[in-house]
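# Structural overview
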Amino acid sequence: MSVLPLVFTSGWASGINAYAVVLLLGVFGATGLSDEVPASLQRTDVLVVAGVLFLCEVVADKIPYVDSVWDSAHTVIRPVAGAVVAALLAGESGPLPELAAGAVGGSTALMSHLVKAGTRMAVNTSPEPFSNVAMSTAEDLGVAGIVTFAMFHPLVAAAVAGTLLLLGMVILVFLASRIRRFLRRRAQRREKKRLAGAGSHWPLD
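Residues numbered from 1 in each chain as written. Predicted model: local features only at pLDDT ≥ 70, side-chain atom pairs only at ≥ 80, totals over all residues. Heavy atoms only, no water.

## Some thoughts on the environment of Ala20
Note the threshold: Numbered from the N terminus, helices here are DSSP runs of H or I no shorter than four residues, and strands are runs of E no shorter than two. Note on classification: 1.4 Å probe, protein chains only; a residue is buried when its accessible area is under 20% of the maximum for its type, exposed when over 50%, partly exposed between these limits. By definition, residues are in contact when any of their heavy atoms lie within 4.5 Å.
Relative to the assigned elements, Ala20 resides in helix α1 (residues 4-30). Looking at Ala20, the relative accessible area reads 8%, which means it is buried. Sequence spacing of Ala20 and Ala144 is 124 residues, and the spatial spacing of their C-alpha atoms is 7.3 Å. Ignoring any residue separated from it by four or fewer positions in sequence, one finds Ala20 in contact with Phe54 and Val143.

## Overview of the side chain of Asp71
When you line up the elements, Asp71 lands in helix α3 (residues 66-73). If near-sequence neighbours (up to four positions away) are discounted, Asp71 is found in contact with Asp61, Arg78, His113, Lys116, Ala117 and Arg120.

## Digging into the nonpolar core
Filter applied, for reference: What we call a nonpolar core is a set of buried Ala, Val, Leu, Ile, Met, Phe, Trp, Tyr and Cys residues that are connected through their side-chain atoms within 4.5 Å.
Core analysis: the biggest nonpolar cluster contains 29 residues, and Val7, Trp12, Val21, Leu25, Val143 and Val147 have the highest contact counts within it. Ranked by the residues each element gives to this core, the list is headed by α1, at ten residues. Those residues in contact with Trp12 that sit more than four places away from it in its chain are Thr108, Ser112, Ile146, Ala161, Leu164 and Leu165. With five residues, the next largest nonpolar core counts Met121, Ala122, Leu175 and Ile179 among its residues.

## Details of the packing of helix α6 (residues 130-152) against helix α7 (residues 154-174)
For the record, the criterion: In this description, a line fitted to the C-alpha atoms serves as the axis of each element, helices being fitted only across the stretch in contact, and the angle between N-to-C directions of two axes falls anywhere from 0 to 180 degrees. In what follows, roughly perpendicular refers to angles from 65 to 115 degrees, roughly parallel to angles under 35, roughly antiparallel to angles over 145, and oblique to any angle outside these ranges. Think of it as three bins: nonpolar holds Ala, Val, Leu, Ile, Met, Phe, Trp, Tyr, Cys and Pro, charged holds Asp, Glu, Lys and Arg, and polar takes everything else, Gly as well.
At a minimum axis separation of 6 Å, α6 and α7 run at an interaxial angle of 150°. The orientation of α6 with respect to α7, classified from their angle, is roughly antiparallel. Across the interface between the two elements, Ile146, Phe149, Ala150 and Phe152 from α6 touch Pro154, Val156, Ala157, Val160 and Leu164 from α7. Split into classes, the residues belonging to the contact of α6 with α7 amount to nine nonpolar, no polar and no charged.

## Digging into a positive patch on the surface
Our working definition: Within the patch definition used here, like charges are joined within 9 Å and nonpolar side chains (Val, Leu, Ile, Met, Phe, Trp, Tyr) within 5 Å, considering only residues with over 30% relative accessible area and no salt bridge. For accessible areas, the Shrake-Rupley method is used with a probe of radius 1.4 Å. Any residue's cover is judged against the shown protein chains and nothing else. A pair is scored as a salt bridge if a Lys or Arg side-chain nitrogen falls within 4 Å of a carboxyl oxygen belonging to Asp or Glu. Counted as positive: Lys and Arg. Counted as negative: Asp and Glu. His and the chain ends are not counted at all. Every charge is mapped to an atom, namely NZ of Lys, CZ of Arg, CG of Asp or CD of Glu.
The grouping of Arg180, Arg181, Arg184, Arg185, Arg189, Arg190 and Lys193 at the surface amounts to a positive patch. Tracing the backbone shows Arg184 in helix α8 (residues 176-200).

## Remarks on a nonpolar patch on the surface
Residues Phe149, Leu155, Val156, Val160, Leu164, Leu167 and Ile171 make up a contiguous nonpolar surface patch of about 590 Å² in total accessible area. Tallying contributions element by element places α7 first for the nonpolar patch, with six residues. Tracing the chain through its elements places Val156 in helix α7. With relative accessibility at 44%, the residue Val156 sits in the partly exposed group.

## Comments concerning the pattern of salt bridges
Tallied over the entire structure, the rule returns nine salt bridges. For Asp71, the salt bridge goes to Arg78, with nearest N and O atoms at 2.9 Å. Note on Asp71: relative accessible area 1%, which makes it buried. For Arg78, a relative accessible area of 0% corresponds to the buried category. Bridged by salt links that share partners, the residues Asp61, Asp67, Lys116, Arg120 and Glu139 form one connected network.

## Regarding α7
What counts, and what does not: Working rule for helices: expected span equals 1.5 Å times residues minus one. Directions from the helix axis toward the C-beta atoms define the arc.
An ideal rise of 1.5 Å per residue puts 30 Å on 21 residues; α7 measures up with 30 Å between its terminal C-alpha atoms. All of the buried residues in α7 are Ala157, Ala158, Ala161, Leu165 and Gly168. Within α7, the buried residues cover an arc of 100° as seen down the axis, which keeps them to one side. Residues of α7 that are exposed and point more than 90 degrees away from the buried face comprise Leu155, Thr163, Leu166, Val173 and Phe174. The secondary structure elements touched by the buried residues of α7 are α1, α5 (98-123) and α6.

Written out as structure tokens, the structure reads:
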């Protein structure tokens, strides 16, 4: 069960930025900094794809409203990535069954993804874009720092990730009204676009 803390931490991080997790773990394994990274994550093609997608996420995640669209598209991708990475880590280390590891990694990734997506909706209710950039940068640095720390101190890293997840869920409760405001504004914009599109197709007298 020694791999469980790393599984949990990678799941939490995958819910925020799955591509960064794959890229970091692959680099740690390829450079010999860790023996717990499976060979499939160290492949050159995997690292290149993860690197390109990571760069796309870095850009999209800092643009107001685009970040929420990106999060919506990754509601399935991040939990699946968390489950796959967790299962691969468990398969490399042995004691923890891959199915159980996948369940832990996937469910943790889903929870952290919902916290991230909900928080971004609340942030997008503010008129200025700087809060998005600050939030995204903090998330990127947090994921990089905790995943790196997990390579050497997995138990402590898992405790930090668990604390951040719990704290994020509590904050999300307090931001519920702002999230509802964001969803209401988005629904209004969609309705305006629909009406504008319908108006452009009305026959002229």
